[in-house]
Each structure stands twice: as structure tokens, then as C-alpha cells.
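Architecture at a glance
Here is what each chain is made of, one letter per residue.
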Amino acid sequence: ALQLEEWRNDMYEEIDSINQILPNTPAGGRWDEDVGEFNHGGNAQAIRTWIRSVIRKIIHYKAEHQHVLNEAAATLQHVLPQDIVIKH
């Protein structure tokens, strides 16, 4: 349970980090005459980077969780009587 709590807290911090990033990032969202194209600005880039970071952590913790489940299943197979494991 402690490991899951650590993962949850880390994800909460990562998700909340956008609230510290956006106020300090230039908004953009205007036509750039010098370049001749629309400038999406820093906010759009910051949000894309943040989303990638959140997704990476989700994938990482999902893999770690699967590893923990596999270890628990293996432990149960060794501890439980063989006929229980086979029947269920």
C-alpha cells in the first residue's frame, strides 16, 4: 500500500505541476508578422510537454504495477496448494 501511495502522490504532483508552469509561460496565440505564421506560444508547448510527462509517468507506473501483480501471483502459486491454483 505504501508503494501505491507514493505513486499516487507523485502523479498528483505531476498533474498539479501545470499550475506552476502556465503562469510563468508566455501565452502566444497570435499571428507573427516576422515569420508569417501563427505563433502558438509557450503555453501550447508547455501543455504538450506536460501531457507527455504525465503520460510517461502513467506508463511507467502501470508497468511497475504489473510487475508487482506478477510477483504476487507467483508468490501465491508457491504458497497455495497446487489443486487450488489449478482449479481456479
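Provided above is the structure to which this section pertains.
Everything in this summary refers to the structure shown in the same document. These numbers were taken from a predicted model, which means no experiment stands behind them. (Residues numbered from 1 in each chain as written. Predicted model: local features only at pLDDT ≥ 70, side-chain atom pairs only at ≥ 80, totals over all residues. Heavy atoms only, no water.)

Turning to the nonpolar core, a few remarks are in order. Counting residues in each nonpolar core, the largest one holds six residues, listed as Trp-7, Met-11, Ile-18, Trp-50, Val-54 and Tyr-61. For this core, the elements supplying multiple residues, two or more each, are α1 (2–16) and α3 (41–79). Looking at this core element by element, the count peaks at three residues for α3. Look past the residues within four positions of Tyr-61 in its chain and what remains in contact with it is Trp-7, Asp-10 and Met-11. (Core = buried A, V, L, I, M, F, W, Y, C linked by side-chain atoms within 4.5 Å. Buried < 20%, exposed > 50% of the residue type's maximum accessible area, 1.4 Å probe, protein only. Helix = DSSP H or I, 4+ residues; strand = E, 2+ residues; numbered from the N terminus. Contact = heavy atoms within 4.5 Å.)

Turning next to the pattern of salt bridges. What the rule picks out here adds up to two salt bridges. Linking Glu-14 and Lys-57 is a salt bridge whose minimum nitrogen-to-oxygen distance equals 3.6 Å. Taken as a pair, Glu-14 in helix α1 and Lys-57 in helix α3 lie far apart in primary sequence, 43 residues in all. Bridged by salt links that share partners, the residues Asp-10, Glu-14 and Lys-57 form one connected network. (Salt bridge = Lys/Arg side-chain N within 4 Å of Asp/Glu carboxyl O.)

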